[in-house]
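Report on the structure
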Amino acid sequence: MKKLVLFVGVGMAFTLTACGVTDKPAASPAPAPTASVAGLPATTAGSAPTATATATATVPNPQSTVPAASGTGCPVTADALMTALKAKGSDIYTRAASPAALHKVSCHEKFAVAATVPDGEHQPSRIAFGYDSASTTWRPLNLGSSGFCAGYVPDHLAANLAGCTS
């Protein structure tokens, strides 16, 4: 099992594993307090709970967003879509003139649309994204200023996405 060690603050190191989070004081020989990802009270070996420290450790897929309970990917943030846009395997980021940011996000079921933020040099465009619930990733599908959803987003869903219908 791989462990990821994060150094936070002065003298504290956190070790993340698939099973939980362990925080260890840097120079303390005493047993390390542990906090589970599920939020159980922190304990020291052989003692009663000492605090109710909770920790959540998430290592996001570079193309994913905050997963929705319904498995549709919605809602989604502009930052999450930007990460998906820059991910390997698509030339849409380059075709969109390598925008610095996205905004005006619209999300419905497994599809989203975002607009490139105007930079004063390139024509702004909109980008259609699709969500793959099996891999929990967003993928850019197409871009344009009109008609960019045709053939990518079903018509009955496109009507719910800003700028998706021509």
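Residues numbered from 1 in each chain as written. Predicted model: local features only at pLDDT ≥ 70, side-chain atom pairs only at ≥ 80, totals over all residues. Heavy atoms only, no water.

Across a regular strand the side chains alternate sides, sitting on one face of the sheet and then on the other. Bridge count for strand S5 (residues 102–108) against strand S6 (residues 111–116) is five bridges, and the pairing is antiparallel. Bridge pairing in S6 places Cys107 opposite Ala112. Hairpin geometry of S5 and S6 is characterised by an intervening segment of two residues between the two adjacent antiparallel strands and by a positive phi of about 50° at Glu109. (Pairing = 2+ DSSP bridges. Helix = DSSP H or I, 4+ residues; strand = E, 2+ residues; numbered from the N terminus.)

Before going further, it helps to examine the packing of aromatic side chains. With the rule as written, the count across this model stands at one aromatic pair. Here the aromatic rings of Tyr131 and Trp138 are separated by 5.0 Å at their centres, their planes lie at 50°, and the arrangement is tilted. (Phe/Tyr/Trp six-rings, centres within 6.5 Å; stacked < 30°, edge-to-face > 60°.)

By the secondary structure assignment, Ala128 is in strand S7 (residues 126–132). Along the chain, Ala128 and Val113 lie 15 residues apart, while their C-alpha atoms are 4.6 Å from each other. Non-local contacts of Ala128, meaning those with residues more than four positions away in its chain, are made with Ala112, Val113, Arg139, Pro140, Leu141, Asn142, Phe148 and Cys149. (Contact = heavy atoms within 4.5 Å.)

This brings us to the nonpolar core. Ranked by size, the top nonpolar core spans 17 residues in total, and within it Leu81, Leu85, Leu102, Ile127, Phe129 and Trp138 carry the most contacts. Contributing elements (two or more residues each) for this core: helix H1 (78–86), S6, S7 and strand S8 (137–144). Tallying contributions element by element places H1 first for this core, with five residues. Core analysis: the second largest hydrophobic core is formed by ten residues, Val113, Phe148, Cys149 and Ala158 among them. (Core = buried A, V, L, I, M, F, W, Y, C linked by side-chain atoms within 4.5 Å. Buried < 20%, exposed > 50% of the residue type's maximum accessible area, 1.4 Å probe, protein only.)

A few words now on the sheet that holds S8. As summarised here, the arrangement of the four strands in space is S5-S6-S7-S8, forming an open sheet in which the pairing is antiparallel. Every other strand in the sheet has two partners, leaving S5 and S8 as the edge strands with one partner each. Across the sheet, the axes of successive neighbouring strands diverge by a mean angle of 25°, strand direction being ignored. Running at roughly 95° to S5, H1 makes contact with S5, S6, S7 and S8 of the sheet. (Axes fitted to C-alpha atoms, helices over the stretch in contact; angles between N-to-C directions.)

Interpretation note: all reported values are geometric properties and have no functional meaning in isolation.
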